[in-house]
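Given next are the chains, with one letter for each unit.
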Amino acid sequence: VAVLERISEQHPELAIRVGRLLESVYEQSQRFDKLVAVLRRRLDEETDEEAIRALRLRLADISGSKLGDAVSAYGSLEAAFFEQPGDRSLWDGLNEVATRAGQQRALAAAYVRVIDQGKLEDDARIELCTRAAALYDAVLGQPEEAEPLHRRILAADPLNEASFVALKELLTGAERWD
């Protein structure tokens, strides 16, 4: 292992190939910090979207479950989310990790960033609006930040009772009648 590590350090052009050999060794020996470093190096060089996604998910899993670093796990999942925001399979895991890492504000901002990009199908956009509004309303205690999200939800679904009630409470509490 030490010889392979030296080769990787001394010959950067071989680092990825050597790193692939070391991955299983690091995993089996539970040297997860070294495994994360190898995976990050691969991620920096990778160009294939699916491979990037897989590496980010693996980094998130290792960071969160093996190293107990929920913030790094959140960062990896958030990056995967930004690259493929329409991949609903990421949404629940991202929410779970954000909660463990105390990153709900960052998650709400990430949702809004993706919503504002306008690249999602309508149903996905409304679902993210709903998730972001719930974070601002119930978790962060910032209903004023949720206002534009509730307006978007109601524009798409005028019968959405939750957004109607939330917007009504916000506007009534602020004595705004618009």
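Remember, it's a predicted structure, so these values are computed and weren't measured experimentally. (Residues numbered from 1 in each chain as written. Predicted model: local features only at pLDDT ≥ 70, side-chain atom pairs only at ≥ 80, totals over all residues. Heavy atoms only, no water.)

## Focus on the nonpolar core
Moving on, step 1. In this structure, Tyr74, Phe81, Leu107, Tyr111, Leu128 and Leu149 are the most contacted members of the largest nonpolar core, which totals 31 residues.
Moving on, step 2. Within the residue set of this core, elements represented by two or more residues are helix H5 (70-83), helix H6 (91-101), helix H7 (104-117), helix H8 (122-139) and helix H9 (143-156).
Moving on, step 3. For this core, the leading source of residues is H8, giving seven residues.
Moving on, step 4. The next biggest cluster of nonpolar side chains, apart from the first, holds 13 residues, and it includes Leu22, Val38, Leu39 and Leu43. (Core = buried A, V, L, I, M, F, W, Y, C linked by side-chain atoms within 4.5 Å. Buried < 20%, exposed > 50% of the residue type's maximum accessible area, 1.4 Å probe, protein only. Helix = DSSP H or I, 4+ residues; strand = E, 2+ residues; numbered from the N terminus.)

## A word on H7
Moving on, step 1. For H7, which comprises 14 residues, the first-to-last C-alpha distance of 20 Å matches the rise-based estimate of 20 Å (1.5 Å per residue) to within 8%.
Moving on, step 2. Within H7, the full set of buried residues consists of Gln104, Leu107, Ala108, Ala110, Tyr111, Val114 and Ile115. One side of H7 holds all its buried residues, which, seen down the axis, span an arc of 160°.
Moving on, step 3. Buried residues along H7 sit in contact with H5, H6, H8 and H9.
Moving on, step 4. Looking one or two places after H7, you find Gly118, whose phi comes out positive at around 70°. (Expected span 1.5 Å × (residues − 1). Arc of directions from axis to C-beta. Contact = heavy atoms within 4.5 Å.)

## Thoughts on the packing of helix H4 (residues 49-66) against H5
Moving on, step 1. Closest axis-to-axis distance for the H4/H5 pair is 7 Å, and the angle between their directions is 160°. Considered as vectors, H4 and H5 are oriented roughly antiparallel to each other. Relative to H5, the crossing made by H4 is left-handed. Mapping the contact onto sequence places Ile52, Arg56, Leu57, Leu59, Ala60, Ser63 and Gly64 in H4 and Ala70, Ser72, Ala73, Ser76, Leu77, Ala79, Ala80 and Glu83 in H5.
Moving on, step 2. The class makeup of the residues in the contact of H4 with H5 is nine nonpolar, four polar and two charged. (Axes fitted to C-alpha atoms, helices over the stretch in contact; angles between N-to-C directions. Parallel < 35°, antiparallel > 145°, perpendicular 65-115°, else oblique. Left-handed = near helix turned anticlockwise from the far one by under 90°. Nonpolar A, V, L, I, M, F, W, Y, C, P; charged D, E, K, R; others polar.)

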